[in-house]
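# Fold and contact review
Next come the chains, spelled out residue by residue.
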Amino acid sequence: MRSVIRLKHTRGLAARDGVLLLAAAAIVGAGVWLGLRKPDAAGPGGTSGLGSETFRQPAILTGGAESDDGRPRLRGFAKDLLAGGQIDALGENMPFVVGDELELDADGRNVNEYRWSCNGKVVLDGGKEWSSASLRPFPLDAPGTYRFTVEARDSTSGEAAAPLEKSLEVPGLKLVSFAPEFNEDADHVVTGTELGFQADTVTPLRLIEYRYRLLVNGAPILQEGQEWVDSDWFSYTCAKPGRYRFKLQARRAAADQAESELEWPAVLSKELIVADAVVEDFTHSGSEHCAVNSAVALDATVESKNAEDVEVRFGYRGMQQDDPVEWIAGDDGKVWGSAQRRWVPLRAGNFHLRAEVRIKGREAADDFREILILISEGQENF
């Protein structure tokens, strides 16, 4: 529905006509002033303060300033060379890979012919070195460094612009991510857990066949009797307790060795812990700063194939790696018991709190976690 603003007339017709005459006079006066204005009185962003020049913005290019002295000029690269890579859905700039076809283009002024070359070899346009078209398609057929040079000239005067150069590093392929589908942050899992890994790669414009290989603790895992397979999805069952690191390698089918690889866990100091019983999480009820003689509730989240077959114990130790652990007994006086415990610290200091879990009947713990806590002098948590 269109909204109509109605003006309420409080004066007669003559008064209204007088207002119109004054408005017309103001418009004429403004026109006369603008006509007499000196040419060098520039408005914002322009040379005269009038017309499209007022709103012209300088081009964000690499070849030179926004000016026109009548001489041939290359102002900068455009299209793919300006971007320098593929922009994904999240705005990340990924490299061009083998299989992409670039649109080589440049922005020239006072020129009518262009010549492109790559690594010193001319890129022809219809069999010609020089062409009135600034655009050249260029397929990326091999990995390596591509050094592009564009030249431009005014064919009438024979004067040439200063050439521009830009280099691109083009890999055979690019792995973007590689992590378990169930929970990429998980670092302790129960023996027998099946992990599913999905590879994510930069997708080139042309269809390129890839091959993938999964390595566990440095050893290749056979899939249907082969190391290298064309599937980008892998499943792996953690059949034995231990520490695991996973690596995915990828290559083009035409290549004879890995061209990209990623590890999980991504942090080199971390590993996946696999055990018959694991401590998934460990927390305490206080803040990072707890007080002497104030009760602290300890809580461990544990997992095994049978939750009734596990028992937990809690303890604390000093900050040195070889400091002994002092175990905290439960209300029944036993150290091993449920996954919750009440602890009343009797002295101040920095401590490692420790939670261990084991299958009942075993001597050693299957898994543990540690967290830091500061115990300060005082009567209350703060």
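In this report, we go over the structure that sits alongside the text. From a predicted model like this one, the values you see are computed outputs, not experimental measurements. (Residues numbered from 1 in each chain as written. Predicted model: local features only at pLDDT ≥ 70, side-chain atom pairs only at ≥ 80, totals over all residues. Heavy atoms only, no water.)

## Quick look at the pairing of strand 8 (residues 144-153)
Short version of the rule: A pair of strands is labelled paired if DSSP reports no fewer than 2 bridges between them. In this text, helices come from DSSP runs of H or I with a minimum length of four residues, and strands from runs of E with a minimum of two, each type numbered from the N-terminal end.
Relative to strand 8, strand 5 (residues 113-118) runs antiparallel, the two being bridged by six bridges. Following the sheet pairing, Tyr114 is matched in strand 8 by Ala152. Where strand 8 and strand 9 (residues 164-170) come together, seven bridges link them in antiparallel fashion. Within strand 9, the residue paired with Arg147 across the bridge is Ser167.

## Description of the nonpolar core
Stated precisely, the cut-off is as follows: Remark: nonpolar core denotes a set of buried residues (Ala, Val, Leu, Ile, Met, Phe, Trp, Tyr, Cys) joined through side-chain atoms within 4.5 Å. Only protein chains enter the calculation, and the probe is 1.4 Å; a residue is then buried if its accessible area is under 20% of its type maximum, exposed if over 50%, and partly exposed in between.
In this structure, Tyr212, Tyr236, Phe246 and Leu272 are the most contacted members of the largest nonpolar core, which totals 24 residues. Looking at this core, the elements with two or more residues in it are strand 10 (175-180), strand 12 (194-201), strand 13 (210-216), strand 15 (233-237), strand 17 (246-252) and strand 19 (272-275). Counting residues in each nonpolar core, the second largest holds 23 residues, with Leu81, Tyr146, Phe148 and Ala152 among its members.

## With respect to the packing of aromatic side chains
To be explicit about the condition: Any pair of Phe, Tyr and Trp rings, taking the six-membered ring for Trp, is counted once the centres come within 6.5 Å. Such a pair is stacked with planes under 30 degrees apart, edge-to-face with planes over 60 apart, and tilted for the rest.
This structure, assessed with the given rule, holds 15 aromatic pairs. Ring geometry for Phe77 versus Trp116: centroids 6.1 Å apart, planes at 40 degrees, classification tilted. Residue Phe77 is found in strand 1 (residues 73-78), and its partner Trp116 is found in strand 5; the two are separated by 39 residues along the sequence. Taking relative accessible area as the criterion, Phe77 reaches 3% and is therefore assigned buried. For Trp116, a relative accessible area of 0% gives the class buried. An angle of 90 degrees between the planes, with centres 5.7 Å apart, marks the rings of Tyr316 and Phe351 as edge-to-face. Here Tyr316, found in strand 23 (residues 310-317), pairs with Phe351, found in strand 26 (residues 349-359); they are 35 residues apart in sequence, far enough to count as distant. Take Tyr316: its relative accessible area is 14%, and that puts it in the buried class. By relative accessible area, which is 5% here, Phe351 ends up buried. What links up through ring pairs into an aromatic cluster is the set Phe178, Phe197, Tyr236, Tyr244, Phe246 and Trp264.

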